[in-house]
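Tertiary structure, described
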Amino acid sequence: MPLTRSKSLPSTDAIAENGGSDRQNLSSGRSVAGILHKWTNYGKGWRSRWFLLRDGILSYSKIRRPENVNLLSPSDDVRLIGDNSTDRLSRMYSCSGRGRRKHHKTIGIVHLKVSSYRESKSDNKKFYIFTANKTLHLRTDSRSDRAAWLQALASTRRILPLQSISGDFSFVSPTDLSISTERLKKRLRENGINENLVKECEEIVDSEFSEVQEQIKLLHEERTKLLDALKQLEMANLEAEASGIHESVYQLPNHNYSSLRSGKYSECSTSASSDVFEDISEEDEPSFHDTIECFSEPDAGSENMHFKRRTRLPDPAEKEKGVSLWSMIKDNVGKDLSRVCLPVYFNEPISSLQKCFEDLEYSYLLDQAYEYGKSGNSLLRALYVAAFAVSGYASTEGRHCKPFNPLLGETYEADFPEKGIRFFSEKVSHHPTVIACHCEGKGWKFWGDTNLRSKFWGRSIQLEPVGVLTLEFDDGETFQWSKVTTTIYNILLGKLYCDHHGTMQIRGNRQYSSTLKFKEQSILDRNPHQVNGFVEDVTGKKAATVFGKWNDSLHYVSGDAFNKASASLLWKSTKPPPNVTRYNLTSFAITLNELTPVSFRFKEKLPPTDSRLRPDQRHLEKGEYEKANEEKQRLERRQRMSRKIQESGWRPRWFEPQGESESYKYTGGYWEARNERRWDDCPNIFGEFTEEIADCA
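Let me begin by describing the structure that accompanies this report. Please read all numbers here as calculations on a predicted model, not as lab measurements.

Along the protein chain, the regular secondary structure elements total 19 helices and 27 strands. Taken over 697 residues, the protein chain has a buried fraction of 47%. Excluding contacts between residues fewer than 6 apart, the proportion of contacts in the protein chain whose partners are at least 24 apart in sequence is 62%. Within the structure as shown, the protein chain displays about 35,100 Å² of accessible surface, and the carbon and sulfur contribution to it stands at 49%.

Structure (structure tokens):
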């Protein structure tokens, strides 16, 4: 068996000298294998793993039992690294026997084409491999063994660019496909079939072929975008290597491919419980950005890019005191709950203005919809718009606390250059309570106003949204829809949960519209949160079927026939944050009320009406519950005067009503005023109330 052990290498400088021979060995199919010690977690520490480097992929598996390891066959041309690897492999062969050989279970793989590595500067036996979402901490038995592994990795990376991605795939464009019916017509005529029936058969064949051609076109577009993304990754690694820039800080254009965001082409683990990767703690190691940052476009003109958004809320300063919900609302059955005064304990530390922005968490779906429509695929544009409309409900899972009711004239801005969006909202009416919002994205605008009517029915709270949401693309295509009913169950007894139910009609002004049905959950329902629907063209013909769950994902199947086996993914929700609080905020929601010392420049640009400056909400976020309650009671006294202010002629600052439709539209000017810090006409609504506020409005 042509297994060889690596010779000792004096230093990593020898890598360059021996690169030619190793490059020849690896390109001819030779693999590298051996035992490395991998850091798992503080409970288990360093664990021995069997590593195999072959065809640009580094895989590893556990070696607790000999039969669990995929022993190398005599025909394998593998170079072993380290004395320990040779001795261990010999023992495995002697105790396993030829009849008991089993394939090993790989617990991790790393695609070196989209990964990077480096040696430790403080330990001459350690080195690291970095992927988009994980870091492997590895240790060898000797310095020479580490140099040998680094040499193998370097040789593999030099070979990979020679294998162009574009050369591995070839496919025919849908426009190049054609079909001839001459033989069919000839055969039919020979059998005495009349011309009318022959023509009808020809039309049936052409119709079937058109549907197949449309499906091939969709697959062609998806594969083209995937290949473009892989090429971008390949070029990013090559350019970063050539310029001496580490891959982790190299940024790619934001194409927002769902397949890349879901991690299909990054390192994966097939084990039941993945190992825990700890952050590098050595001072001489570099810092690394997460995957989202690597796929974002830098914007030097935005101060939001100068600090990393937070990943957790501040630790509470006080211990919470429980409050009886029944004692608060027993006298309010059948009333509008938005007008019931509740203690701050029942609130979450964001306002309804900020909660509106949570609907834009998955704004990349609209970016994709814009690109598909731009390329002429109107069906996929309509499908991604439907996915966006559903995705806004994902953040409500497990959210049982009530957002703060904004004061009249309260505003909120969100500038997220890493997403390519700017959002603004304002409370434009107190009675009825109406919130208007406006968002600008990459090739699209989104706006709307909502009036949430709530009723308490003893065991449940029902929320009926009133208002229309509008999405307009730069090419003039628009979609409009209204939200479905939300009900919160088991207010007094049992497990508290919320459900969304009803029918959502997404009306397009061109070729396609959508109908989505949110199924109401029953008591014995074991498959809750279901959403089913379809996309139809202007003639009423069903073009695609969609299905999924509003808290998890949405898939689609093209055509009238429904077959889950051929379904494609439209949207997948992100995982919950590791630092979960009783509010169950998503990772995105945790960033919305951020106002840290690092962002003081940002704070100076905010108007005095921004929700981040609301004192009761800020105290609640810090866990200062007594102060939060005091401020909430003070501001609610101010709130009770809002109706008088509104009746005295108050008008919204940034939105205006649209005729008799009771809808509001953004008038513009906010971001220009923000750049100039021109807030003279914006009152300090969170301060002590005076009659001057009404006059100023």
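Across its 14 residues, helix α12 (residues 378-391) extends 20 Å between first and last C-alpha, which sits within 8% of the 20 Å expected from 1.5 Å per residue. The buried count for α12 comes to 13 of 14 residues, which makes it a mostly enclosed element.

Turning our eyes to something else, we now look at the pattern of salt bridges. Under the counting rule described, the total for this entry stands at 26 salt bridges. The residue E621 makes a salt bridge to R310 at a minimum N-O spacing of 2.8 Å. On the criterion of sequence distance, the pair formed by E621 in helix α15 (residues 615-622) and R310 in the loop between α8 (291-294) and α9 (325-329) is long-range, its members being 311 residues apart. Under the relative-accessibility criterion, E621 is labelled buried at 5%. It is possible to trace a salt-bridge network through shared partners that takes in E348, K355, E358 and R399.

In this fold, T156 is placed in helix α3 (residues 143-159). You can call T156 buried: its relative accessible area is 6%. A polar contact is formed between the side chain of T156 and the backbone oxygen of A152, at a distance of 2.9 Å.

Moving on to the packing of aromatic side chains. Applying the stated rule across the entire model yields 27 aromatic pairs. With centroids separated by 5.2 Å and ring planes inclined at 45°, the aromatic side chains of F357 and F588 adopt a geometry described as tilted. Residue F357 is located in helix α10 (residues 352-357), and its partner F588 is located in helix α13 (residues 587-590); the two are separated by 231 residues in the primary sequence. Comparing F357 with F588, the two get one shared label, buried. These aromatic residues form a ring-pair network of at least three members: F424, W654, F655, Y666, Y670, W671 and W679. Of note, R582 hangs over the ring of Y345, and the distance from its end group to the ring centre comes to 4.6 Å. The lysine or arginine in question, K665, covers the ring of W447, its NZ or CZ lying 5.1 Å from the ring centre.

As a further point, take the packing of α15 against helix α16 (residues 625-639). The geometry of α15 relative to α16 is characterised by a closest axis approach of 8 Å and an angle of 165° between their N-to-C directions. One element, α15, and the other, α16, form an angle in the roughly antiparallel class. Note on packing geometry: the crossing formed by α15 with α16 is left-handed. Counted together, P615, D616, H619 and L620 of α15 and Y625, K627, A628, E631, K632, R634 and L635 of α16 form the full contact between these two elements. Tallied by class, the residues present in the contact of α15 with α16 amount to 5 nonpolar, 1 polar and 5 charged.

Turning next to the pairing of strand β20 (residues 497-508). In this sheet, β20 lies alongside strand β18 (residues 478-481) in antiparallel orientation, the contact comprising 2 bridges. By the bridge assignment, F479 is partnered in β20 with G508. Inspection of the sheet shows β20 paired to strand β21 (residues 512-518) by 5 bridges, in the antiparallel sense. Residue pairing for β21: I506 is matched across the bridge by S514. With antiparallel pairing between neighbouring strands as the criterion, β20 and β21 make up a hairpin whose turn holds 3 residues.

Turning to the environment of W650, a few remarks are in order. Inspection of the secondary structure puts W650 in the loop between α17 (642-647) and β26 (655-657). A residue is classified by how much of its surface remains accessible, and W650, at 11% relative accessible area, is buried. Distance from W650 to L408, taken between C-alpha atoms, is 9.5 Å for residues 242 residues apart in sequence.

This part takes up the pairing of strand β15 (residues 444-456). Pairing of strand β14 (residues 434-440) with β15, which is carried by 6 bridges, proceeds in the antiparallel orientation. Within the sheet, the bridge partner assigned to I435 lies in β15 and is T450. In textbook terms, the turn of a hairpin is the stretch between consecutive antiparallel strands, and for β14 and β15 this stretch comprises 3 residues, one of which, G443, has a positive phi near 90°. Direction of pairing for β15 relative to strand β17 (residues 469-473): antiparallel, over a ladder of 5 bridges. Residue pairing across strands places W447 opposite T470, the latter belonging to β17. Relative to strand β16 (residues 460-466), β15 runs antiparallel, the two sharing 6 bridges. For R453, the partnering residue across the bridge sits in β16 and is E464. What sits between β15 and β16 in their antiparallel hairpin is a turn of 3 residues, with G458 showing a positive phi close to 90°.

Ranked by internal contacts, the top residues of the largest apolar core, which has 58 residues, are F357, W444, F446 and W481. With 11 residues, α12 is the largest single contributor of residues to this core. In this structure, F446 is in contact with L360, F388, C437, H438, C439, L469, T470, L471 and W481, ignoring residues within four places of it in sequence. Judged by nonpolar contacts, the second largest core, of 19 residues, contains F51, Y60, F127 and W149.

Relative to the assigned elements, K622 resides in helix α15. Classification of K622 as partly exposed rests on a relative accessible area of 38%. Sequence-wise, K622 and P349 are 273 residues apart; in three dimensions their C-alpha atoms are separated by 9.0 Å. When sequence neighbours within four positions are dropped, the list of residues in contact with K622 reads D315, P316 and A317.

The phi torsion of most residues other than glycine is negative, and most of the peptide bonds are trans. Cis peptide bonds are those with omega within 30 degrees of zero, and the linkage from H431 to P432 qualifies with 0°. When you line up the elements, P432 lands in the loop between β13 (421-429) and β14. The backbone of H529 shows a phi angle near 65°, a positive value even though the residue is not glycine. Considering the arrangement of structural elements, one finds H529 in the loop between β21 and β22 (530-537). Positioned with a positive phi, R677 is a non-glycine residue whose angle comes to about 55°.

What follows concerns the side chain of K185. Residue position: K185 is located in helix α5 (residues 182-190). Excluding anything up to four places from it in sequence, K185 contacts V198 and E202.

So, how was this worked out
Residues numbered from 1 in each chain as written. Predicted model: local features only at pLDDT ≥ 70, side-chain atom pairs only at ≥ 80, totals over all residues. Heavy atoms only, no water. Helix = DSSP H or I, 4+ residues; strand = E, 2+ residues; numbered from the N terminus. Buried < 20%, exposed > 50% of the residue type's maximum accessible area, 1.4 Å probe, protein only. Contact = heavy atoms within 4.5 Å. Areas by Shrake-Rupley, 256 points an atom, 1.4 Å probe, with all protein chains shown as cover. Expected span 1.5 Å × (residues − 1). Salt bridge = Lys/Arg side-chain N within 4 Å of Asp/Glu carboxyl O. Polar contact = N/O pair within 3.5 Å; in protein donor to acceptor, adjacent residues only side chain to side chain. Phe/Tyr/Trp six-rings, centres within 6.5 Å; stacked < 30°, edge-to-face > 60°. Lys NZ or Arg CZ within 6 Å of the ring centre and 35° of its normal. Axes fitted to C-alpha atoms, helices over the stretch in contact; angles between N-to-C directions. Parallel < 35°, antiparallel > 145°, perpendicular 65-115°, else oblique. Left-handed = near helix turned anticlockwise from the far one by under 90°. Nonpolar A, V, L, I, M, F, W, Y, C, P; charged D, E, K, R; others polar. Pairing = 2+ DSSP bridges. Core = buried A, V, L, I, M, F, W, Y, C linked by side-chain atoms within 4.5 Å.

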